[in-house]
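# Understanding the architecture of this molecule
One letter stands for each residue in the lines below.
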Amino acid sequence: MKRLHNFLLSTACFALTSTAAVSADTSGVRSNYVQIAHAMFEDTLVANVAMQSAVDRFLADQSAENLQTARVAWKAARKQYQQTEVFRFGNSVVDDWEGRLNAWPLDEGLIDYVDSGAYGRTADENPLFQANIVANTSVQIGPKVVDTSAITPELIAGELHEALDVEANVATGYHAVEFMLWGQDLNGTGPGAGDRQASDFDLDDCTNRNCDRRRDYLKAAADLVVTDTEEMVAAWSDGGDASVDFGNKSDGEALSTILTGIAGLSYGELAGDRINMGLTLHDTEEEHDCFSDNTHNSHYFNQVGMMSVWNGQYERMSGEIIAGASVADVASELAPDGKASMDAAMDEVLANMNIMRSTA
């Protein structure tokens, strides 16, 4: 990934300093980029609504089968969302929003019961390490006592998410829903995901107490995933904040935004924080989708999203293909050897990601 990253940065710098040299269809690149962004987030919304519906079905009938269906729907939603992360690092509108949906890793003891032997009892940097909102109707957050008797989207988003400015206090987003659906993964580096039982949500035959409040938390978190995604679909629509912000950039700035998005995700985030840190520290907490053991798929679809933006082509959930002018076309004109190197690097990474997926 380092070779890919270095080429992207050098091309971005060239684009910024040599805008006059750009004679490829830059306007087409810009419009196609916005179209792909809107389509990707729109597909993510569709998948998130399907997940929300599966959660609702499970809460109406707490069978093991319905729990498994909700888990499958969560994984399908992750597949769509992970492709959109290529829009993060170059677009402040996306990056400022992303933490509400994809913040990690989380101190799950903030939300619900945990196995203290595996999890620990205290953390010096986080007083809310075992606050257990599901079990408690109030919680001390700094000098303030917060009423948590009603678990609502407003409570978990407004009062609990990243409370005390501690990043590990993740109360919303995919990983909060993931923890509620799977529970802790107590397998360490061995095979197997979390194994929360459907009866944790059963009002008539409740396990681990507080099933009514656990249901409320799962419902609130799943609903927030949908409403937060609706915001980003609107942002990439005509007249939306992200679309307008990108449209106001010069040609060089727009090309740099696209390349910075790919470079920032490929190297610092995916290769660095999400892959290298876990391998270096041998710490399962560094596993991105640590409760569901879905990390290999999340990494793979990050790469798929980067390749879609680089090539200016995206296949929608419906099977429709969106294709148009791309930053790869600009690179082909300005730096054909570099473009060929980039294509080869992208293909090499995708092949390695496929090995990772099949191995996992």
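Residues numbered from 1 in each chain as written. Predicted model: local features only at pLDDT ≥ 70, side-chain atom pairs only at ≥ 80, totals over all residues. Heavy atoms only, no water.

This next bit is on the overall build of the chain. Across its full length, the chain holds 13 helices and four strands. Taken over the C-alpha trace, the chain has a radius of gyration of 21 Å; the compact-globule value for 360 residues is 21 Å, and the two agree within 12%. Projected onto its principal axes, the C-alpha coordinates of the chain cover approximately 65 × 45 × 40 Å. Expressed as a percentage of its 360 residues, the buried residues of the chain come to 54%. Pairs at least 24 apart in sequence give 69% of the contacts found in the chain among residues at least 6 apart. Summed over its atoms, the accessible surface of the chain is roughly 15,100 Å², and 48% of this surface lies on carbon and sulfur atoms. Placing the 23 positive and 56 negative side-chain charges of the chain at their respective mean positions leaves the two points 2 Å apart. (Helix = DSSP H or I, 4+ residues; strand = E, 2+ residues; numbered from the N terminus. Rg over C-alpha atoms; globule rule 2.2 N^0.38 Å. Buried < 20%, exposed > 50% of the residue type's maximum accessible area, 1.4 Å probe, protein only. Contact = heavy atoms within 4.5 Å. Areas by Shrake-Rupley, 256 points an atom, 1.4 Å probe, with all protein chains shown as cover. Lys, Arg positive; Asp, Glu negative; His and termini not counted. Charge placed at Lys NZ, Arg CZ, Asp CG, Glu CD.)

This next bit is on empty space enclosed by the protein. A complete count under the given rule lists one cavity of 30 Å³ or more for this structure. Its volume calculated, the largest cavity comes out at about 50 Å³. Taken together, Val-29, Asn-32, Tyr-33, Ile-36, Ile-258, Val-309, Gly-312, Ala-325, Ser-326 and Val-327 make up the lining of the largest cavity. For the lining of the largest cavity, the leading source of residues is helix α2 (residues 26-60), giving four residues. (1 Å grid on protein atoms, 1.4 Å probe; cavity = no way out; pocket = protein on both sides within 12 Å on 5 of 7 lines; lining within 4 Å. Points joined across faces, edges and corners; volume = space filled by probe spheres on them.)

Position of Glu-154 among the secondary structure elements: in helix α6 (residues 153-160). For Glu-154, a relative accessible area of 59% corresponds to the exposed category. Along the backbone, Glu-154 and Ala-220 are 66 residues apart, and their C-alpha atoms lie at a distance of 8.5 Å.

When its volume is computed, the largest pocket comes out at roughly 650 Å³. Every element with two or more residues in the lining of the largest pocket is listed here: α10 (251-281), α11 (295-311) and α13 (336-359). Per-element accounting of the lining of the largest pocket gives the leading share, four residues, to α10. Put simply, the second largest pocket is a space of about 350 Å³. Considering the residues around the second largest pocket, the lining is formed by 15 residues, among which Trp-104, Pro-105, Glu-167, Glu-269 and Asp-273 are closest to the centre. Examining the composition of the lining of the second largest pocket, we find that four residues originate from one element, α10, more than from any other.

This part takes up the nonpolar core. By size, the foremost hydrophobic cluster in this structure holds 94 residues, and its most contacted members are Phe-87, Ile-111, Ile-156, Tyr-217, Leu-218, Trp-236 and Trp-310. Residue contributions to this core peak at 15 residues, all from α2. (Core = buried A, V, L, I, M, F, W, Y, C linked by side-chain atoms within 4.5 Å.)

Under the criterion given, the structure shown has 12 aromatic pairs. Taking 6.1 Å as the distance between ring centres and 80° as the angle between the ring planes, the aromatic pair formed by Tyr-33 and Trp-236 counts as edge-to-face. With Tyr-33 in helix α2 and Trp-236 in the loop between α8 (211-235) and α9 (241-247), the pair connects residues that are 203 residues apart, well separated along the chain. Considered together, Tyr-33 and Trp-236 belong to a single accessibility category, that of buried residues. Between Phe-87 and Trp-236, the aromatic rings sit 5.7 Å apart at their centres with planes inclined by 55°, giving tilted as the arrangement. One end of the pair, Phe-87, is in the loop between α3 (64-84) and α4 (92-102); the other, Trp-236, is in the loop between α8 and α9, and 149 residues separate them in sequence. As far as the burial class goes, Phe-87 and Trp-236 line up, both buried. Through a chain of ring-to-ring contacts, the aromatic side chains of Tyr-33, Phe-41, Phe-87, Trp-97, Trp-236 and Phe-246 assemble into a single cluster. For the cation-ring pair, Arg-30 lies above Phe-246, with the distance from its terminal atom to the ring centre recorded as 5.8 Å. Arg-196 extends its terminal NZ or CZ atom over the ring of Phe-179, reaching a point 5.2 Å from the ring centre. (Phe/Tyr/Trp six-rings, centres within 6.5 Å; stacked < 30°, edge-to-face > 60°. Lys NZ or Arg CZ within 6 Å of the ring centre and 35° of its normal.)

Mapping Tyr-174 onto the fold places it in helix α7 (residues 174-182). Residue class for Tyr-174 comes out buried when judged on its relative accessible area of 0%. Each C-alpha atom, one on Tyr-174 and one on Val-225, is 7.0 Å from the other, the two residues being 51 residues apart in sequence. Those residues in contact with Tyr-174 that sit more than four places away from it in its chain are Thr-44, Asn-48, Trp-74, Ala-77, Arg-78, Tyr-81, Leu-101 and Val-225.

A separate point is α10. Along α10, the largest kink reaches about 45° and is centred on Gly-272. A positive backbone phi angle near 55° is found at His-282, which sits one or two residues after α10. (Bend = angle between axes of the 7 residues up to and from the residue.)

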